[in-house]
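# Architecture and fold: a report
Chain by chain, the residues:
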Amino acid sequence: MIEALIKIAIVIGGLMTAAAYFVLLERRMAAWVQDRVGPNRVGAPLSQLNKSWKDLRLFGLGQPAADGVKFILKEEYTPAHVDKRLFVLAPISILVAALATFAVIPFGSILPPGLLSDEPIALVISPGAGVGMLVVFALSSIAVYGVILGGWASNNKYSFLGALRSSAQLIAYELPLGLGILGVILATGSLDLDKIISAQAETGWWFAFTQPLGFFVFFVAAFAEAARLPFDLPECEQELIGGYHTEYSGIKLLLFLVAEFLHMIAASFLIVMLFFGGWHFWFITGADANPGWVQAILRVAVLMTKIFLVILFFMLVRWSWPRFRFDQLMAFAWKVMLPLGLINFVAVAAIDQFRTISGNTSPGMDLLCVAVAWVICIVAWVGISFAGPLVADNRPRADLNPFDIDSQI
Amino acid sequence: MKADDPNIKWVEEPKLGLSGKMYAPMFVQGLATTFKHLKNSLQGKAVTVSYPEQEPQFDNPLIYRGVHRLNKDSQGRVKCVACFLCATACPAHCIDIIGIESPWEDREKYPESFTIDELRCIYCGMCEEACPVDAIELTSLYNLTGRSREEMIFDKEKLLSVYDATKDTEPMRSPGMGGAV
Ligand code: SF4
Ligand code: SF4
């Protein structure tokens, strides 16, 4: 009980701090990519305490605190035409759902017994929940409710259209997300994130290598689920007024924004754990179920480093890729991601079966399977590209007269 | 406008090449650009000027449009001949001139008072453009601040003192024009 509470405190504290500093990092990265400097001034305002002291800048590390205070002190305006209860409920539900996912996501491997307790401590809030992946999926679906509630309760057509747009996107990409994971679950035979990581650690083959197609499908779908560019149509800061949180301000808006960052962090956790071996790294972390202290700490460090790198990639992609048009977004989910996910599923099953039948477990066999998986991945990718489902001509047809067009509609 | 309107010009979308269809090569290209800029910024090549510590550099201070000055001729008299062209040209109506008969032989009028409301001014440079004797000019002083509105209404003395302060760094553009040289 106490142990769980301590873990919850660590996870929530860590996540909130991380989210705040990732906002700063994102702003700095954006600035660097755009040849600017970014927020680098807010540090420790020592001159407020004593006139003769100089302010410390600390590379802008005070910015998250300043941002937070700004959000809290800003007028929190509730428009008269909203449904008050749902309006308040929406940001809370989305944040709660986002935080609750971390109950089953491990943030390390396991701590050896002796120093802290007589039992080994699993670094996950609810150890032994055998269906971790299911919980993550269930909770990430609840996030859609937050979006719809927010847009609906706002009683504003722009919010409502934004909510419809987002829910269509989130629901469409849930499918490839599931298909991407299906291959991993097939290969490990478990829904438990811990088991999935150990399976990769034991063989040394991360699933990103053995199931490249599944990895791409999951990766892209994770971007879409986290509503990051190039799939940030739920927000579209630049050209569509905000989206579902148009009417929100002050601390309620902050809750939405934090929840969005948590989605990104959760997506990074899942990407790393499902496809990049979680806490495993060759020669450093070992693979046994009962690590020593050094290994246990190394595993946490490796996991955090990997997650940090994935988040950096999330941030760089934002400034590299233009946003999809909405019809392209849907076509991408249903006509590209879905078939690729199915192909991956079949390929993983076939390769697995082939190995079992051949009974050969030599490293050469491993290499052969990986090579076959990559060939399938590239062939499928090129094939889908040539089918070209994203190339859509939405203009009215010049060769039809208006009556024909009417009859077509 | 209907779809069969003869005024519509139909443009064919350019066909996507192989790399465009495959998407990933294009993405790598974009990411490479991102990394290039990231690298440059991290090497300190960002274009941002950290203002209070670092003064902005103007390529050519003579064409910068900052605080005004009233030029003096070679005898130290105000060059302006109170023709009101600048006040007429000013889109913000912020120049206020009282012209009286001049005590000197070589011109008929001179400004008894000449005030510019620097807060109303939009720094468009029309006054400078309109002046027939190049008496009014915009300098490269950009960091104009004050504690009250009154302080920001510059009178003749102030404008002349701006000339004294900037004449060495920013020479008058056409000293020969107007009045006795
Ligand atoms: S710069 Fe433009 S607005 Fe300012 S005083 Fe001259 S003409 Fe008027
Ligand atoms: S500053 Fe130039 S344009 Fe304005 S009144 Fe004097 S002479 Fe005329």
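Structure report, in brief. (Residues numbered from 1 in each chain as written. Chains lettered and ligands numbered in written order. Predicted model: local features only at pLDDT ≥ 70, side-chain atom pairs only at ≥ 80, totals over all residues. Heavy atoms only, no water.)

## Remarks on empty space enclosed by the protein
Residues and elements named next belong to chain A. This is how the line gets drawn: Cavity: a set of points on a 1 Å grid over the protein atoms alone where a 1.4 Å probe fits but cannot get out. Pocket: an open set with protein on both sides within 12 Å along at least five of seven lines, its lining residues, like those of a cavity, having an atom within 4 Å of a point. Grid points are joined across faces, edges and corners, and a volume is the space filled by probe spheres set on the points. The helix and strand labels rest on DSSP assignments: H or I over at least four residues marks a helix, E over at least two residues marks a strand, and numbering proceeds from the N terminus. Each residue gets one of three labels, nonpolar for Ala, Val, Leu, Ile, Met, Phe, Trp, Tyr, Cys and Pro, charged for Asp, Glu, Lys and Arg, and polar for the others, Gly among them.
Counting across every chain of the model gives three cavities of 30 Å³ or more. Here the largest cavity defines a volume of roughly 370 Å³. As for the largest cavity, its lining consists of 29 residues, and the residues nearest its centre are Ser-140, Ala-143, Glu-225, Ala-226 and His-263. Within the residue set of the lining of the largest cavity, elements represented by two or more residues are helix H3 (84-100), helix H4 (132-153), helix H5 (157-188), helix H8 (212-225) and helix H9 (250-275). Taken together, the residues of the lining of the largest cavity sort by class into 23 nonpolar, four polar and two charged.

## Here we look at the nonpolar core
Defined as follows: Take the buried residues of types Ala, Val, Leu, Ile, Met, Phe, Trp, Tyr and Cys, join any two whose side-chain atoms come within 4.5 Å, and each joined set is a nonpolar core. Think of it in three bands: residues with accessible area under 20% of the maximum for their type are buried, residues over 50% are exposed, and the middle band is partly exposed, with areas taken using a 1.4 Å probe on protein chains only. Each domain span listed reflects an automatic or database assignment of domains. Contact definition: two residues touch when any of their heavy atoms are within 4.5 Å.
With 105 residues, the main nonpolar core has Phe-102, Tyr-173, Phe-218, Phe-231, Leu-262, Phe-269 and Leu-274 of chain A as its most contacted residues. The element best represented in this core is H9 of chain A, accounting for 18 residues. Here this core spans two domains, and each of domain 1 (1-72) and domain 2 (74-325) of chain A adds at least three residues to it. Ignoring anything within four residues of it in the chain, the contact list for Tyr-173 of chain A reads Ala-221, Ala-224, Glu-225, Phe-231, Leu-329, Phe-332, Ala-333 and Met-337 of chain A. If you look at the next biggest cluster of nonpolar residues, it comprises 24 residues, including Cys-80, Cys-94, Ile-97 and Cys-121 of chain B.

## Some points on the interface of chain A and chain B
Reports often express the size of an interface as the amount of accessible area lost when the parts come together. What counts, and what does not: Summed over both partners, the accessible area (1.4 Å probe) lost when two parts come together is defined as the buried area. A pair is scored as a salt bridge if a Lys or Arg side-chain nitrogen falls within 4 Å of a carboxyl oxygen belonging to Asp or Glu. Two N or O atoms count as a polar contact when they lie within 3.5 Å, although within protein this holds only if one can serve as hydrogen donor and the other as acceptor, and sequence-adjacent residues are included solely when both atoms are side-chain atoms.
Counting residues at the interface gives 26 residues for chain A, matched by 29 residues for chain B. The junction of chain A with chain B conceals about 2500 Å² of combined surface from both sides, 66% of it contributed by carbon and sulfur atoms. In this assembly, chain A and chain B are joined by one salt bridge. Note that Arg-41 of chain A and Glu-53 of chain B form a salt bridge whose closest N and O atoms lie 3.7 Å from each other. Linking chain A to chain B there are seven residue pairs in polar contact (both at pLDDT 80 or more). Within the residue set of the side of chain A that touches chain B, elements represented by two or more residues are helix H1 (2-33), helix H10 (293-318), helix H12 (363-387) and helix H13 (402-408) of chain A. Ranked by residues supplied to the side of chain A that touches chain B, first place goes to H12 of chain A with four residues. When its residues are assigned to classes, the side of chain A that touches chain B shows 18 nonpolar, two polar and six charged.

So yeah, pure geometry; function would need other evidence.
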